[in-house]
Amino acid sequence: MDSSNLPSLHEEGSEELLESSSAFSPSNVPPRPATHHSLQKYSPLDWQGFFDKEDDITIPGTNDVFHVYTSGSEGPVVFCLHGGGYSGLSFGLAASNLKEKARVAAMDLRGHGKSSTDNDLDLSIDTLCNDVIAVVKAMYRDSPPAIILVGHSMGGSVAVHVAAKKAISNIHGLVVVDVVEGTAMASLIHMQKILSSRAQHFPSIEKAIEWSVKGGPLRNVESARLSIPSTLKYDESRNCYTYQTPLEESERYWKGWYEGLSEKFLSCPVPKLLLLAGTDRLDRSLTIGQMQGKFQMVVVRHTGHAIQEDVPEEFASLVLNFISRNRIGPRGVEIPGIRSWKQ
């Protein structure tokens, strides 16, 4: 879900429904693209046009299987975690812009996309963190490459918690996309209303894609064509499509996603980048931390909550600049004239 989307929790929902002077008020929502009534414009796109491979990662000793999309063959790994109600394909367009200079891995979190677990409704922060750690260890075993964790909204919270646990030995960077504790916590009382206000049923996948850019959370039609189908399931009883992830049933976990997030983010001992869709999302702790130079912050203009989907080229450029600025190579930090070393 989302933390900055009315934030946070709704993720897949409609950020502009907030009835306050927040970043989600109508006056602050960027204009939506012109839409046509052609079904072809909203036809689904295949993942193979954006990623190189897809794999199912089975976690030893469990029945949990996590779906992961990967691309690229050189450089550090940009390991992407989507927001609540999204999927790994949320990073598809960005991946196609990253893979020439970095490897990309984007997993479907528990209860999302093509992943399957014994309890898809357990979206507690501890469970989500343990899932990510288990997938990384299963993929890279005892010698992981340099990893930059990238998380959007709920996935941003998961990324911060994973980095703070220090359970993965080779994390060299942390990129958090449009999630801030203060905004997220303040929005929780609105979340159920936001979720219930979304269009709930669609006669076709094309109609769901069309709604996502006309009345939903996205601004980029191409990204919507790629990512939205993976967030839906077919309801035979209603003869229509609806959301795969019942975010409204995860309310008991929402507070745990965001409480204490700012201090945990600031305490992570790796280079950090915070990408925001609006300056009003900064809370007090982050404002002070940013003034003290504890992390890099970029406000991405003319975008909605899903920055990586709305402006994938700019998003990829910001991530690659972050990697270059911090000299993160395939095995770790690289210092000119000195062998690469692990932190």
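Computed from a prediction, not measured in an experiment: that's the story for all the values here.

1. A closer look at helix H2 (residues 125-140)
No. 1: An ideal rise of 1.5 Å per residue puts 22 Å on 16 residues; H2 measures up with 23 Å between its terminal C-alpha atoms.
No. 2: Considered for burial, the residues of H2 that qualify are Ile125, Thr127, Leu128, Cys129, Asp131, Val132, Ile133, Val135, Val136 and Tyr140.
No. 3: Where H2 terminates, the next one or two residues include arginine 141, which has phi positive at roughly 55°.

2. A closer look at the UniProt feature "active site" (unreviewed entry) in the protein
No. 1: Under the UniProt annotation, "active site" (unreviewed entry) lies at Ser153, Asp178 and His305. Across 153 residues, the annotated set stays spatially compact, with a maximum C-alpha separation of 8.3 Å.
No. 2: In this structure, serine 153 sits in the loop between strand E5 (147-152) and helix H3 (154-165).
No. 3: For serine 153, a relative accessible area of 0% gives the class buried.
No. 4: In this fold, histidine 305 is placed in the loop between strand E10 (296-299) and helix H11 (307-310).
No. 5: Histidine 305 gets classed as buried once you look at its relative accessible area, which sits at 1%.

3. Re the confidence of the model for the protein
No. 1: Taken as a whole, the protein shows an average pLDDT of 88; of its residues, 86% reach a score of 70 or greater.
No. 2: Note that pLDDT drops below 50 for residues 2-27; the model gives that stretch 121 contacts with residues more than four away or on any other chain.
No. 3: Every residue in residues 337-343 is under pLDDT 50, and counting partners more than four places away or in other chains gives 15 contacts.

4. What to know about the packing of aromatic side chains
A ring pair, where both rings are aromatic, is described by two values, the distance of the centres and the angle of the planes.
No. 1: By the definition in use, this model includes eight aromatic pairs.
No. 2: Between phenylalanine 265 and phenylalanine 295 the ring centres are 5.3 Å apart and the planes differ by 70°, which places this aromatic pair in the edge-to-face class. Of the two residues, phenylalanine 265 sits in helix H9 (residues 261-267) while phenylalanine 295 sits in the loop between helix H10 (284-291) and E10, which places them 30 residues apart along the sequence. Assigned by exposure class, phenylalanine 265 and phenylalanine 295 land together as buried.
No. 3: By the ring-pair criterion, three or more aromatic residues cluster together here, those being Trp47, Phe51 and Tyr69.
No. 4: When the ring centre of tyrosine 243 is taken as origin, the NZ or CZ atom of arginine 198, which lies over that ring, is 3.9 Å away.

5. Some details on the packing of H3 against helix H8 (residues 251-258)
No. 1: Direction vectors running N to C along H3 and H8 enclose 55°, while the axes themselves pass 9 Å from each other. Here H3 is positioned oblique relative to H8, judged by the angle of their axes. Crossing of H3 over H8 shows left-handed handedness. Across from Met154, Ser157 and His161 in H3, the residues of H8 making contact are Gly256, Trp257 and Tyr258.

6. With respect to the environment of glutamine 296
No. 1: Its location among the elements puts glutamine 296 in strand E10.
No. 2: Separated by 21 residues in sequence, glutamine 296 and leucine 275 have C-alpha atoms that sit 8.6 Å apart.
No. 3: Not counting residues within four places of it along the chain, the set of residues in contact with glutamine 296 comprises Lys272, Leu273, Leu274, Phe322 and Arg325.
No. 4: For glutamine 296, the side chain forms a polar contact with the side chain of arginine 325, separated by 3.2 Å.

7. Regarding unusual backbone geometry
Most peptide bonds adopt trans geometry, and most residues besides glycine take a negative phi value.
No. 1: Positioned with a positive phi, asparagine 239 is a non-glycine residue whose angle comes to about 60°.
No. 2: Tracing the backbone shows asparagine 239 in the loop between strand E7 (232-235) and strand E8 (240-243).
No. 3: One non-glycine residue, histidine 302, lies in the positive phi region at around 55°.
No. 4: With respect to the secondary-structure elements, histidine 302 resides in the loop between E10 and H11.

8. As for the pattern of salt bridges
No. 1: Per the stated rule, a full pass over the model turns up nine salt bridges.
No. 2: Put simply, aspartate 55 and lysine 53 hold a salt bridge, and the shortest N to O gap is 3.8 Å.
No. 3: Using a relative accessible area of 46% as the deciding quantity, one classes lysine 53 as partly exposed.
No. 4: With its nearest N and O atoms 3.5 Å apart, the salt bridge here joins glutamate 210 to lysine 207. Residue glutamate 210 and its partner lysine 207 are located together in helix H6 (residues 205-214), separated by three residues, close to a single helical turn.
No. 5: Classification of glutamate 210 as buried rests on a relative accessible area of 8%.

9. Looking at the layout of surface pockets
No. 1: Computed from the structure, the second largest pocket encloses a volume of approximately 220 Å³.
No. 2: Around the second largest pocket, the lining is made up of 14 residues, and of these Lys53, Asp55, Thr70, Met139 and Tyr140 lie nearest the centre.
No. 3: Listing elements by their share of the lining of the second largest pocket, those giving two or more residues are strand E1 (53-58), strand E2 (65-71), strand E4 (103-107) and H2.
No. 4: Grouping the amino acids of the lining of the second largest pocket by side-chain chemistry returns seven nonpolar, three polar and four charged.

10. Side note on the nonpolar core
No. 1: Within the largest apolar cluster, 53 residues are counted, with the highest numbers of intra-cluster contacts made by Phe79 and Leu174.
No. 2: If you tally residues by element for this core, the top one is H2, at eight residues.
No. 3: Within the second largest apolar cluster, 36 residues are counted, among which are Trp47, Leu98, Val104 and Ala146.

Parameters and conventions
- Residues numbered from 1 in each chain as written.
- Predicted model: local features only at pLDDT ≥ 70, side-chain atom pairs only at ≥ 80, totals over all residues.
- Heavy atoms only, no water.
- Helix = DSSP H or I, 4+ residues; strand = E, 2+ residues; numbered from the N terminus.
- Expected span 1.5 Å × (residues − 1).
- Buried < 20%, exposed > 50% of the residue type's maximum accessible area, 1.4 Å probe, protein only.
- UniProt positions renumbered as here; feature names shortened; annotations may be inferred.
- pLDDT = per-residue confidence, 0-100.
- Contact = heavy atoms within 4.5 Å.
- Phe/Tyr/Trp six-rings, centres within 6.5 Å; stacked < 30°, edge-to-face > 60°.
- Lys NZ or Arg CZ within 6 Å of the ring centre and 35° of its normal.
- Axes fitted to C-alpha atoms, helices over the stretch in contact; angles between N-to-C directions.
- Parallel < 35°, antiparallel > 145°, perpendicular 65-115°, else oblique.
- Left-handed = near helix turned anticlockwise from the far one by under 90°.
- Polar contact = N/O pair within 3.5 Å; in protein donor to acceptor, adjacent residues only side chain to side chain.
- Salt bridge = Lys/Arg side-chain N within 4 Å of Asp/Glu carboxyl O.
- 1 Å grid on protein atoms, 1.4 Å probe; cavity = no way out; pocket = protein on both sides within 12 Å on 5 of 7 lines; lining within 4 Å.
- Points joined across faces, edges and corners; volume = space filled by probe spheres on them.
- Nonpolar A, V, L, I, M, F, W, Y, C, P; charged D, E, K, R; others polar.
- Core = buried A, V, L, I, M, F, W, Y, C linked by side-chain atoms within 4.5 Å.

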